[in-house]
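Fold and geometry: a report
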Amino acid sequence: MHSFKALPSLLLPWYESHARSLPWRENRDPYRVWVSEIMLQQTRVEAVIGYYARFLEAFPTVDSLADADEDRLLKLWEGLGYYSRARNLQKAAQKIVAEHGGVFPRDYRSIRALPGVGDYTAGAIASICFDQPHAAVDGNVLRVSARYLDDDTPIDEPPFKKAVTENLEKIYPVGACGTFTQSLMELGATVCTPRSPKCTVCPLAAQCLANKHGTAASLPVKKPKKDKKLVRKTVFLLWCGDELALCRREESGLLGGMWELPNVDTPLDADGALRQAECFGARPKQMLSRVNRVHIFTHIRWEMAGYTILCAEKAPQFTWRTREQIEKAYGLPTAFRKFLEEDIR
C-alpha cells in the first residue's frame, strides 16, 4: 500500500489555514462533539448547524439529555431524519449517567460501547476530544484514501476500510490526533469531493496517485446499489373541526414510535379513501383534496397519495390535535410533514 506517512505534514498546515468555522469546532467538549457527529451522519453540514444550536440550548449537558421528555427530543429532531439517532443519543446519555457518573468516558472501548456509536464516531471522539490515535474513517476519508492510493477496490468492502483504518492509525501525529482527524474530514468535504475533485488546490496533489495517473474522477468505486423496495401508501389528513388525527407508529421498524398521519400500505382512489376513513370510525363528510408525494429512505421508496377529508366524528383510536399544538409539540417525520405543508383546508 502506498504510504500514508506524508499525510500529517501535508494536511496539518493546510487545515490550519483552510478549516471552516463550525460551531462544534469551538471547543473539544466530548458532549458537544458527540452530538455533532451523530447529527452529521447522513446529513449535510448546512442542515445541521441550526439543529445543533437548538439542541444544545434545550439539552446543554449529558444529564439534561438523559432526563429529556422523548416527545420534546423528537420534536427538536424533526426534519433531520433517521430518528433512531435521537433515541440512541438519549440512551447513551442515560448510560453515561448510570455507568460513568455523568462524565463522558475517555477510553475508546467505553465510547464505542455507547448506544448508536460505531467505529467512526468513537474514533472521532477519542481523537478530537482526548487526542488519542484512533482514526475516524467515514465516506470522506475512504474517498480520499482511494484516490490517494489510486485503488479501485470498492470502498464499501470491509477489508478496504479495515486496511485504511490500520494504516492511518500508524501515522497519527502525537499531540495533534484530533486536528489530523479533522483535516482528513475537511479535505474530503471541501476539496476531494465526490464529483469534480479540486485536485489543483489539493495539499496532497503531489503525492496522490490518482492525480498522478489521471484517475481521480473515476474513483472511488462502490458496489452496485440494490433497488429500493417500493411501498405505495395512502395517507389521511382527517380533520374534525380544527383538529387533525395523529397516531403512533409501532416501536420497532422504520420510524419506530414516531407520530404519523393515519395511513395504509395500499394505494386507494378517492372512493376507497372515504371507505377507509369510515372504517377508521371518523365518519367522513367531505373530501377536499388529493396530493401525491414521494419520500425516499435508504432502502425504501414510499409513493404516497394523501387525502384531506373533513370528518363528523373523532375516531377514538387517534390523537386529535390542532395545527398549532402539532407544530409546538409533536414531531412528525418529513414524509408526513410534506402533506401538512400542502394542506389546503
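Just so it is clear, the structure is predicted and the values come from calculations on it, not from any experiment.

1. Comments concerning the overall build of the protein chain
- Scanning the protein chain from N- to C-terminus turns up 15 helices and seven strands.
- Principal-axis analysis of the C-alpha atoms places the extent of the protein chain at approximately 70 × 50 × 30 Å.
- Within the protein chain, the fraction of its 345 residues that count as buried is 48%.
- The contacts in the protein chain between residues at least 6 apart in sequence include a share of 70% that link residues at least 24 apart.
- Placing the 47 positive and 42 negative side-chain charges of the protein chain at their respective mean positions leaves the two points 3 Å apart.

2. Considerations on the packing of aromatic side chains
- The full count for this structure, using the stated rule, is 13 aromatic pairs.
- Measuring from centroid to centroid gives 5.2 Å for F55 and F59, while their planes differ by 70 degrees, and the two rings are edge-to-face. Each member of the pair, F55 together with F59, is buried.
- Put simply, the rings of F236, F280, F318 and W320 pair up and form one aromatic cluster.
- Above the plane of the ring of Y51 lies R54, whose end atom (NZ or CZ) is 4.9 Å from the centre.
- The ring centre of W302 lies 4.5 Å from the NZ or CZ of K233, which sits over that ring.

3. Some points on the pattern of salt bridges
- All chains considered together, the criterion is met by 17 salt bridges.
- Between E46 and R44 there is a salt bridge whose closest N-O contact spans 3.5 Å. Here E46 and R44 have matching classes, each one exposed.
- Between R337 and E341 there is a salt bridge, with its nearest N and O atoms 3.6 Å apart. You can see R337 and its partner E341 sitting in helix α15 (residues 334–342), four residues apart, about one turn around the helix.

4. Here's the deal with the packing of helix α2 (residues 30–40) against helix α8 (residues 119–130)
- Where α2 meets α8, the axes come as close as 10 Å, and the angle between the chain directions of the two elements is 150 degrees. Here α2 and α8 pass one another in a crossing that is right-handed. Side by side, α2 and α8 meet where P30, V33, W34, E37 and I38 of the first sit next to Y120, T121, A124, I125, I128, C129 and F130 of the second.
- The class makeup of the residues in the contact of α2 with α8 is ten nonpolar, one polar and one charged.

5. What to know about the pairing of strand β5 (residues 284–296)
- Relative to strand β6 (residues 300–311), β5 runs antiparallel, the two being bridged by eleven bridges. Bridging from a neighbouring strand, Q286 pairs with L310 of β6.
- Hairpin connection, β5 to β6: the antiparallel pair is bridged by three residues.

6. Here we look at unusual backbone geometry
- For the peptide bond that leads from L219 to P220, omega is 0 degrees, which places it in the cis range.
- Tracing the chain through its elements places P220 in the loop between α12 (209–213) and β1 (229–240).
- You will see that Q42, though not glycine, has its phi angle at about 65 degrees, which is positive.
- With respect to the element layout, Q42 can be found in the loop between α2 and α3 (45–58).

7. Describing the nonpolar core
- The biggest cluster of nonpolar side chains holds 64 residues, and the ones touching the most others in it are Y31, W34, M39, F55, L65 and W77.
- When residues in this core are grouped by element, the largest group, eight residues, is from α8.
- Ranked by size, the runner-up nonpolar core spans 33 residues in total, among them Y148, V191, A210 and L219.

8. Quick look at the pairing of strand β7 (residues 319–322)
- Of the two faces of β7, only the one carrying W320 and T322 is buried; T319 and R321 on the other face are not.
- Alignment of strand β2 (residues 243–248) against β7, held across four bridges, turns out to be antiparallel. Following the sheet pairing, L246 is matched in β7 by T319.

9. A few points about the side chain of R85
- Note on placement: R85 falls in helix α6 (residues 84–100).
- No salt bridge is formed by the buried R85; the nearest opposite charge belongs to E37, separated by 9.7 Å.
- One polar contact links the side chain of R85 to the main-chain carbonyl oxygen of M39, over a distance of 2.9 Å.
- A polar contact of 3.3 Å, which involves the side chain of R85, links it to the side chain of T43.
- Setting aside residues no more than four positions away along its own chain, R85 makes contact with I38, M39, L40, Q41, T43, W77 and L80.

10. Focus: helix α11 (residues 177–190)
- The terminal C-alpha atoms of α11, which comprises 14 residues, lie 20 Å apart, in line with the 20 Å expected from a rise of 1.5 Å per residue.
- Judged by how many residues are buried, α11 sits mostly within the fold: eleven of 14 residues are covered.
- Taken together, the buried positions of α11 are C177, G178, F180, T181, Q182, S183, L184, M185, E186, L187 and G188.
- Of the surrounding elements, those touching the buried residues of α11 are α1 (7–18), α2, α8, α9 (139–149) and α10 (158–169).

Cut-off values and rules
- Each chain has its residues counted from 1, running along the sequence as written.
- The predicted nature of this model means local features are confined to residues of pLDDT at least 70 and side-chain atom pairs, given and counted, to a pLDDT of 80 or more, with totals for whole chains, interfaces and linings taken over all residues.
- Hydrogens and waters are ignored; side-chain quantities use all the structure's heavy atoms.
- Helical segments are the DSSP runs of H or I of at least four residues, strand segments are the runs of E of at least two, and each set is numbered from the N terminus.
- Relative accessibility thresholds used throughout: buried, under 20% of the residue-type maximum; exposed, over 50%; partly exposed, between the two (1.4 Å probe, protein chains only).
- We call two residues in contact whenever any of their non-hydrogen atoms come within 4.5 Å of each other.
- Only four residue types enter the charge count, namely Lys and Arg as positive and Asp and Glu as negative; His and the chain termini do not.
- Throughout, a charge is located at the NZ atom of Lys, the CZ atom of Arg, the CG atom of Asp or the CD atom of Glu.
- In this analysis, rings of Phe, Tyr and Trp, with Trp reduced to its six-membered ring, are considered paired at centre separations within 6.5 Å, and the interplanar angle assigns stacked below 30 degrees, edge-to-face beyond 60, and tilted for intermediate values.
- Lysine and arginine charges are scored as sitting over a ring when NZ or CZ, respectively, is within 6 Å of the ring centre and within 35 degrees of the ring normal.
- One speaks of a salt bridge when a side-chain nitrogen belonging to Lys or Arg is within 4 Å of a carboxyl oxygen belonging to Asp or Glu.
- Axes, fitted as lines to C-alpha atoms, cover a helix only where it is in contact. Angles between the N-to-C directions of the axes lie from 0 to 180 degrees.
- Two helices cross in a left-handed way if the nearer one is turned anticlockwise from the farther one by less than a right angle. They cross in a right-handed way if the turn is clockwise.
- Lys, Arg, Asp and Glu make up the charged group, whereas Ala, Val, Leu, Ile, Met, Phe, Trp, Tyr, Cys and Pro make up the nonpolar group; the residues left over, Gly among them, are polar.
- What makes two strands pair is DSSP finding at least two bridges between them.
- Residues enter a nonpolar core if they are buried and are Ala, Val, Leu, Ile, Met, Phe, Trp, Tyr or Cys, with the set joined through side-chain atoms within 4.5 Å.
- Two N or O atoms count as a polar contact when they lie within 3.5 Å, although within protein this holds only if one can serve as hydrogen donor and the other as acceptor, and sequence-adjacent residues are included solely when both atoms are side-chain atoms.
- Multiplying 1.5 Å by the residue count of a helix minus one yields the expected span of that helix.

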